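# Descriptive structure summary
Take a look at the letters that make up each chain.
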Amino acid sequence: MKHTTPPRSTLLVMFSIILLAHSYLGMRLFPALGLQGSGLLLGWLALVVSSLLLPLGLAARFISQPPWADRLAWLGLTVMGLSSSVFALCLLRDVSLLPLAYLLSDAAYSSWQLQSAVGVLVGAVLFTLLGLINARRSAAIVDVAVPVANLPAELVGFTIAQISDIHVGPTIKQPYLDSIVDKVNSLGADLVAVTGDLVDGNVADLSAHTAPLERLKSTHGTFFVTGNHEYYSGALPWIAELRRLGLQVLLNEHVLLSHAGHQLVVAGVTDYSAGHFYPDHQSDAQAALAGSPDSPFKLLLAHQPRSAFKAQDLGLHLQLSGHTHGGQFFPWNFFVRFQQPFTAGLNLLGNVWVYTSRGTGYWGPPKRLFAPSEITRITLQRG
């Protein structure tokens with residue numbers, strides 16, 4: 001399946017927003033920095049280049065020559081992360097200037113205007129460098145204990161290794177995924193769950209880079225559910241490719257596992273938005289669990305945490321999700337809650353525990369700040 005380019009009207013709207021945001025930065029920061037003449041010209045030129053690089057970074061995967069596409073993506077997406085921090089810090093600066101205009105003398109206020117403008121630029125660079133280091137280092141193992149009422153003694157200590165939101169694509173390649181697989185295998189888990197958004201690109205371009213998934217090892221195998229980015233990248237070819245690699249893809253269905261004399265139910269739903277791409281992929285937790293027997297432990301894999309609203313009355317014990325990236329970097333962590341019930345971590349919704357991973361990779365800018373990536377080791381305990 002070939003990449004589908006966004007509609008021209010969408011690109012025009014996106015580019016207009018980018019231009020407006022960059023114009024705001026120039027008008028707010030350049031006078032405070034005292035830029036004049038050639039310095040002012042260079043400043044505006046830098047903003048124009050940044051405005052061009054941002055959409056090119058996102059569109060790079062549509063270029064048919066991978067080496068150049070990847071380089072352009074790295075540059076454009078890094079600039080996206082930098083400009084995002086400049087914009088956020090500039091907004092905070094402007095908010096601080098409002099009360100300070102009445103509290104400080106004219107001289108002190110003028111000095112603060114200059115110092116805060118410099119601080120915006122320095123802070124944005126530091127945030128971007130620190131975010132790059134955090135994004136590119138190997139994900140840490142996060143241990144989570146989940147209490148299950150009346151859990152049989154034989155199932156206490158049952159472990160699930162969860163990885164999510166890796167986004168193999170322009171800046172995440174085979175070595176990055178190899179490191180993840182090695183860490184997961186070192187856990188000796190009973191089950192591996194991959195909760196969507198594995199890829200950003202088509203099978204032809206990325207199959208060599210997702211090949212390490214074939215090495216995943218656990219007692220009961222690896223289970224996968226689709227995320228929204230699978231549908232952006234051609235879900236049907238990816239489902240076939242992942243099955244070829246030995247992953248069990250759960251499309252609104254469940255399987256039964258026999259462990260220590262007990263039957264466990266592992267169900268999975270398609271992404272919350274899947275029905276917009278393929279009507280027969282409409283996410284359906286009820287269908288996924290239909291006909292499942294009574295079990296001391298029922299697990300649902302669902303890419304988006306909000307799937308739990310329709311699944312909370314189906315006798316589940318635990319839902320594993322991702323999608324949010326924990327916000328990935330400031331200030332986006334404050335906006336996740338407007339779309340999803342949970343941003344990260346273990347939360348209780350009705351009688352169902354919902355664990356939301358911060359993700360094992362990253363999307364877009366190679367940047368993570370105050371939201372580190374994770375490989376999650378979930379251990380069942382008696383509640």
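This text goes with the structure placed above it.
A few points on the structure. All of these numbers come straight from a predicted model, not from anything done at the bench. (Residues numbered from 1 in each chain as written. Predicted model: local features only at pLDDT ≥ 70, side-chain atom pairs only at ≥ 80, totals over all residues. Heavy atoms only, no water.)

## Examining the nonpolar core
- With 31 residues, the main nonpolar core has I166, I180, V184, L213 and L242 as its most contacted residues.
- Elements with a contribution of two residues or more to this core: β2 (159–163), α5 (174–186), β3 (191–194), α6 (203–210) and α8 (235–244).
- Looking at this core, the element that brings in the most residues is α5, giving five residues.
- Excluding anything up to four places from it in sequence, I180 contacts I163, I166, T360 and I375.
- With 24 residues, the next largest nonpolar core counts L155, I160, L264 and L320 among its residues. (Core = buried A, V, L, I, M, F, W, Y, C linked by side-chain atoms within 4.5 Å. Buried < 20%, exposed > 50% of the residue type's maximum accessible area, 1.4 Å probe, protein only. Helix = DSSP H or I, 4+ residues; strand = E, 2+ residues; numbered from the N terminus. Contact = heavy atoms within 4.5 Å.)

## A word on the packing of α6 against α8
- Packing of α6 against α8 leaves a shortest axis separation of 11 Å and a crossing angle of 30°. Classified by the interaxial angle, the pair formed by α6 and α8 is roughly parallel. The handedness of the crossing between α6 and α8 is right-handed. Where α6 abuts α8, its residues V203, L206, S207 and T210 lie against P237, W238 and E241. (Axes fitted to C-alpha atoms, helices over the stretch in contact; angles between N-to-C directions. Parallel < 35°, antiparallel > 145°, perpendicular 65-115°, else oblique. Left-handed = near helix turned anticlockwise from the far one by under 90°.)

## A look at the side chain of Q340
- You can see Q340 is positioned in the loop between β9 (318–321) and β10 (345–349).
- On the basis of relative accessibility, which here comes to 3%, the residue Q340 falls in the buried class.
- Within polar-contact distance, the side chain of Q340 engages the side chain of Q339 at 3.2 Å.
- In this structure Q340 touches Q304, P305, R306, H323 and T324, once residues within four positions along its chain are discounted. (Polar contact = N/O pair within 3.5 Å; in protein donor to acceptor, adjacent residues only side chain to side chain.)

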